[in-house]
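# Observations on chain architecture
Chain by chain, the residues:
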Amino acid sequence: MARADPKFMLRLPAEMKAWVQVQAKRNGASLNSEIVRSIRERMDRMTEAYEAPNKKSDDGQSLAAPVVALKPTTETTEGQR
């Protein structure tokens, strides 16, 4: 990751930050690198699942992530105005 990449402020619960610190130390990485690695790992798993919709897990369950379509709503409530 280059220094020119955009910055992103992130708030983590204390126990999650402590876990990331342990993982970063274990892997000889910075906190930032460990967070990027974790997200990239998740992205790779999701991409693989989307690209292999017929792929099944050991117990026969589909590994494809469900496709969720969000429908915009025009309704408003008093609290949203």
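Only a predicted model underlies this, so the values are computations on that prediction, with no experimental measurement involved.

On the surface, Phe8, Leu10, Leu12 and Met16 cluster together into a nonpolar patch covering about 410 Å² of accessible area. Of note, Leu12 is situated in the segment before helix H1 (14-27).

With respect to the helices, strands and loops of the structure, Lys17 is situated in helix H1. Setting aside anything within four residues of it in sequence, one finds Lys17 in contact with Leu12 and Leu31.

What follows concerns the pattern of salt bridges. In this structure the tally under the stated criterion is three salt bridges. Arg37 is the partner of Glu41 in a salt bridge, and the nearest nitrogen-oxygen pair spans 2.7 Å. Here the residue Glu41 and the residue Arg37 both occupy positions in helix H2 (residues 31-51), the gap between them amounting to four residues, near one helical turn. Classification of Glu41 by relative accessible area gives partly exposed; the value is 41%. A relative accessible area of 32% means that Arg37 is categorised as partly exposed. Note that Arg45 is salt-bridged to Glu41, the shortest N-O span being 3.7 Å. Separated by four residues within a single helix, Arg45 and Glu41 lie in helix H2, roughly one turn from each other.

About the cut-offs
Residues numbered from 1 in each chain as written. Predicted model: local features only at pLDDT ≥ 70, side-chain atom pairs only at ≥ 80, totals over all residues. Heavy atoms only, no water. Patch = residues over 30% accessible without salt bridge, like charges linked within 9 Å, V, L, I, M, F, W, Y side chains within 5 Å. Areas by Shrake-Rupley, 256 points an atom, 1.4 Å probe, with all protein chains shown as cover. Salt bridge = Lys/Arg side-chain N within 4 Å of Asp/Glu carboxyl O. Helix = DSSP H or I, 4+ residues; strand = E, 2+ residues; numbered from the N terminus. Contact = heavy atoms within 4.5 Å. Buried < 20%, exposed > 50% of the residue type's maximum accessible area, 1.4 Å probe, protein only.

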